[in-house]
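Observations on the model geometry
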Amino acid sequence: MSLRADTPAPPDSRVRRFGPAQRWVHRATAALMGVCVITAACLYVPQLAVLIGRRDLVVRVHECAGLALPVPVLLGLASRAFRADLRFLNRFGPHDRVWLWAALSRDKRRSSRPAGKFNAGQKVYAAWIAGASLVMLGTGLMMWFTRLTPLVWRTSATFVHDWLALTIGVVLAGHIGMALGDPEARRGLRTGTVSRRWAEREHPLWRP
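Residues numbered from 1 in each chain as written. Predicted model: local features only at pLDDT ≥ 70, side-chain atom pairs only at ≥ 80, totals over all residues. Heavy atoms only, no water.

Re the overall build of the protein chain
Under the convention used in this document: Counting from the N terminus, the helices are the DSSP runs of H or I reaching at least four residues and the strands are the DSSP runs of E reaching at least two. Burial classes follow relative accessibility: with a 1.4 Å probe on protein chains only, a residue under 20% of its type's maximum area counts as buried, one over 50% as exposed, and anything between as partly exposed. Contacts are assigned to residue pairs that have any heavy atoms within 4.5 Å of one another. Note on areas: Shrake-Rupley with a 1.4 Å probe; residue coverage comes only from the protein chains shown.
Secondary structure assignment for the protein chain yields 10 helices and 2 strands. Secondary structure elements of the protein chain occur, N-terminal to C-terminal, as β-α-α-α-α-α-α-α-α-α-β-α. Dimensions of the protein chain, computed from the C-alpha atoms along their principal axes, are close to 75 × 40 × 35 Å. Among the 208 residues that make up the protein chain, the fraction classed as buried is 31%. Taking the contacts inside the protein chain whose residues are at least 6 apart along the sequence as the reference set, 69% of them involve residues at least 24 apart. Total accessible area on the protein chain stands at roughly 13700 Å², and carbon and sulfur atoms take up 67% of it.

In C-alpha cells:
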C-alpha cells in the first residue's frame, strides 16, 4: 500500500538542515577562529607566552590564520544552498523582533519565540561576528604593514584590535556555551540533519 503525498511525516523523522557546503564553511571558519584566539592568548597572556615561547612563530601563525579567515566564506559563495542561508541570516522580519523582545524580557515560553530557519539571536550573532572579523582584519593589516599608515593610525588600530579581540573571545565563549546546551543543534551541523520534533519546537516558522 502506498502512502498519500499529503501524509504527515512521523514526528521522530529527520529533516535536512545543512548541506556539505554550510557544514564545511562553519568547520573551517571555526578552526581558523580558534587558531586566532589561541595564538592571541599566547601573545597577550604572560604565563602562556612563557610556556609556549617562540613568539615569532606564534605571530606568523596568528597572522596567517587571520588573513585566511574570510576564505571559507568566500569559497562557500559558490554554493547555492550557502547563499540561500546567507539571505536568511540577513533578513529580519516581525517575528525576529518578537523573538528578541522575549529574549530580553527573559520570556522562555516557546510560543513567544517564533523563528524561521535561524532565530533572531543567531542572526544578530552572525552579523556581529562578520563585522567584527572584518574590523580585526583591517586593523591587523594596519599593524602588520607598518609603512603604509601613520603612527597614530597604527596606535589606534592596535587599541581597537586588542579590545575587540577580548570582546570576540567573550562572545565566542557564549556561543560555544549555548551550542553545548543544544545537542540537536550540534548534530545538525555535524550530520546535516535534525529531528523534525526539534525543528518544529525551536524553529516553528521554518519549512524544510
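Details of unusual backbone geometry
In the Ramachandran plot, R106 falls in the positive-phi region, its phi being about 60° despite a non-glycine side chain. Within the element layout of this structure, R106 appears in the loop between α6 (94-104) and α7 (120-144). A residue is classified by how much of its surface remains accessible, and R106, at 72% relative accessible area, is exposed.

Structural notes on a positive patch on the surface
The cut-off we apply is this: Think of a patch as exposed residues, more than 30% relative accessible area, with no salt bridge, where like charges cluster within 9 Å and nonpolar side chains (Val, Leu, Ile, Met, Phe, Trp, Tyr) cluster within 5 Å. Each reported salt bridge corresponds to a side-chain nitrogen of Lys or Arg within 4 Å of a carboxyl oxygen of Asp or Glu. For the purpose of counting charges, residues Lys and Arg are taken to be positive, whereas Asp and Glu are taken to be negative. His and the chain ends are not included. The atom standing in for a charge is NZ when the residue is Lys, CZ when it is Arg, CG when it is Asp and CD when it is Glu.
Together, R80, R83, R87 and R91 give the surface a local cluster of positive charge. With respect to the element layout, R87 can be found in helix α5 (residues 80-89).

Details of the packing of helix α1 (residues 20-44) against helix α3 (residues 55-68)
Condition: The convention used is that axes are lines fitted to C-alpha atoms, helices contributing only their stretch in contact, and that angles between N-to-C directions extend from 0 to 180 degrees. Note on terminology: angles under 35 degrees are roughly parallel, angles over 145 are roughly antiparallel, angles of 65 to 115 are roughly perpendicular, and the others are oblique. Rotating anticlockwise by less than a right angle from the far helix to the near helix defines a left-handed crossing, while the corresponding clockwise rotation defines a right-handed one. Amino acids outside the nonpolar list (Ala, Val, Leu, Ile, Met, Phe, Trp, Tyr, Cys, Pro) and the charged list (Asp, Glu, Lys, Arg) are all regarded as polar, and Gly is one of them.
Relative orientation of the contacting elements α1 and α3 amounts to 150°, with a least axis distance of 9 Å. In terms of orientation, α1 and α3 fall into the roughly antiparallel class. Classified by chirality, the crossing of α3 by α1 is left-handed. For the pair α1 and α3, the contacting residues are L32, V35, C36, T39, A40, C42 and L43 in the first and R55, V58, V59, V61, H62, A65, G66 and A68 in the second. Its residues assigned to classes, the contact of α1 with α3 comprises 11 nonpolar, 3 polar and 1 charged.

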